[in-house]
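Coordinate inspection notes
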Amino acid sequence: MSEQIYIVSDIHGCFKTLKALLNKLPKNARLCFVGDLIDRGKDSDKVVELVRSGGHLSVLGNHERALLLAKDEFLLDKRVDNPWFNEHGGAQTFATYKGKNELKLKHIEFLQTLPTYIEFENFLTADGRKLVVSHSAVGKMWQERHNDKETEKFKAHVLSGRSDISENDDIFNIYGHEVMSEPVITKGRAAIDLGGVYRHLKQDPRICAIAFPSLEIFTQKMLKDKFSM
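Summary of the structure given here. (Residues numbered from 1 in each chain as written. Predicted model: local features only at pLDDT ≥ 70, side-chain atom pairs only at ≥ 80, totals over all residues. Heavy atoms only, no water.)

1. Details of the sheet that holds strand β1 (residues 5-8)
The strand order across the open sheet built from five strands is β3-β2-β1-β9-β10, with neighbouring strands paired in mixed fashion. Every interior strand has two partners, whereas the edge strands, β3 (57-58) and β10 (217-221), have only one. Bridging between β1 and strand β9 (residues 206-212) involves four bridges; their strand directions are antiparallel. Residue pairing for β9: Y6 is matched across the bridge by A211. The sheet contacts of helix α1 (residues 15-22) involve β1, β2 (30-33), β9 and β10, and relative to β10 the element is tilted by about 145°. (Pairing = 2+ DSSP bridges. Helix = DSSP H or I, 4+ residues; strand = E, 2+ residues; numbered from the N terminus. Contact = heavy atoms within 4.5 Å. Axes fitted to C-alpha atoms, helices over the stretch in contact; angles between N-to-C directions.)

Right, here's the structure in full:
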């Protein structure tokens, strides 16, 4: 298949760096984001608006999920009584949107439409595996996605799970969430979060995009997006 789709790693509100990365991709490239569009960087609103107004695809990340759980406080500019939320970028996101009430509502409505995973029927590996994009690796929980009794466990795993790198014979899973020093690509998966926003932990923090099915990698070093860590 000659057509490519470009899967973009966790951006965390770093709009300038995202724009620099997108400038390295083909013009009008088809994009799909792995979630965590928001938090920590200073431009969460611009990142979400780029995805929303551009008609790009994205799955839900655990940071979007946290914002949706605090949407009432968000819309009313009230502080959230949740240490995890405030310490992991929620406070920065609230500041980003301060005074932008109409945009807040549009973005909450948009984030509520994001799925926990996207399964692409028409994007296949050479050996016939379908592309699946998710925030965290689907791992061994993939087989439970249609099991009503396990649905909530599956969603929690795909949003926030770590370390389950089990592969499935029928899919190629591209995901972020788990920070890597370099992209990890195997027969059945690709982990592409290069820790861009975590510059205090990484010597070479970057954001990343991977083309599918070619698996060509594009990276961008972090620009001055004024992190608050």
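2. Section: the packing of aromatic side chains
Counted according to the given criterion, the structure contains nine aromatic pairs. With 5.2 Å between their ring centres and 80° between their planes, Y117 and W142 make a pair best called edge-to-face. In this pair, Y117 sits in strand β4 (residues 117-124) while W142 sits in the loop between β5 (130-134) and α7 (151-160), placing the two residues 25 residues apart along the sequence. Pair check on accessibility: Y117 and W142 agree, each one buried. Ring centres of Y117 and F154 lie 5.6 Å apart, and the angle between their planes is 90°; on these two criteria the pair is classed as edge-to-face. Of this pair, Y117 sits in strand β4 while F154 sits in helix α7; the two residues are 37 residues apart in sequence, bridging distant segments of the chain. (Phe/Tyr/Trp six-rings, centres within 6.5 Å; stacked < 30°, edge-to-face > 60°. Buried < 20%, exposed > 50% of the residue type's maximum accessible area, 1.4 Å probe, protein only.)

3. Considering the packing of α1 against helix α2 (residues 44-53)
In contact at an axis separation of 8 Å, α1 and α2 are set at 35° when each is read in the N-to-C sense. Taking contact as the criterion, the partners of F15, L18, K19 and L22 in α1 are, on α2, K46, V47 and L50. Across the contact of α1 with α2, the residue classes tally to five nonpolar, no polar and two charged. (Nonpolar A, V, L, I, M, F, W, Y, C, P; charged D, E, K, R; others polar.)

4. Considering the pairing of β5
It is a general feature of regular strands that their side chains alternate between the two faces of the sheet. Most of β5 sits inside the fold, with five of its five residues counted as buried. Covered by surrounding structure in β5 are K130, V132 and S134 together with L131 and V133, the residues of both alternating faces. In the sheet, β4 pairs with β5 via five bridges, with the strands oriented antiparallel. Among the inter-strand pairings, F120 is bridged to a residue of β5, identified as L131. The loop that links β4 with its antiparallel partner β5 comprises five residues; one of these, G128, has a positive phi angle of about 90°. Here β5 runs beside strand β6 (residues 171-175); their pairing, made up of four bridges, is parallel. Bridged to V132 within β6 is N173. Each parallel crossover has a hand, and the one from β5 via α7 to β6 is right-handed. (Right-handed = clockwise from strand over helix to strand, strands pointing away.)

5. Considerations on empty space enclosed by the protein
In total, this model carries one cavity of 30 Å³ or more according to the counting rule given. Taken as a whole, the largest cavity encloses approximately 40 Å³ of empty space. In terms of lining, the largest cavity is formed by V138, G139, S166, E167, N168, I171, N173, G188 and R189. When its residues are assigned to classes, the lining of the largest cavity shows two nonpolar, five polar and two charged. (1 Å grid on protein atoms, 1.4 Å probe; cavity = no way out; pocket = protein on both sides within 12 Å on 5 of 7 lines; lining within 4 Å. Points joined across faces, edges and corners; volume = space filled by probe spheres on them.)

6. Quick notes on the side chain of R145
Examined against the element boundaries, R145 turns out to sit in the loop between β5 and α7. Here R145 sits buried without a salt bridge, and the closest side chain of opposite charge, E119, lies 4.3 Å off (N-O distance). A polar contact of 2.8 Å, which involves the side chain of R145, links it to the backbone oxygen of W142. Among residues more than four places away in sequence, those in contact with R145 are Y117, E119, T151 and F154. (Lys, Arg positive; Asp, Glu negative; His and termini not counted. Salt bridge = Lys/Arg side-chain N within 4 Å of Asp/Glu carboxyl O. Polar contact = N/O pair within 3.5 Å; in protein donor to acceptor, adjacent residues only side chain to side chain.)

Remember that the coordinates give geometry; whether it matters functionally is a separate question.
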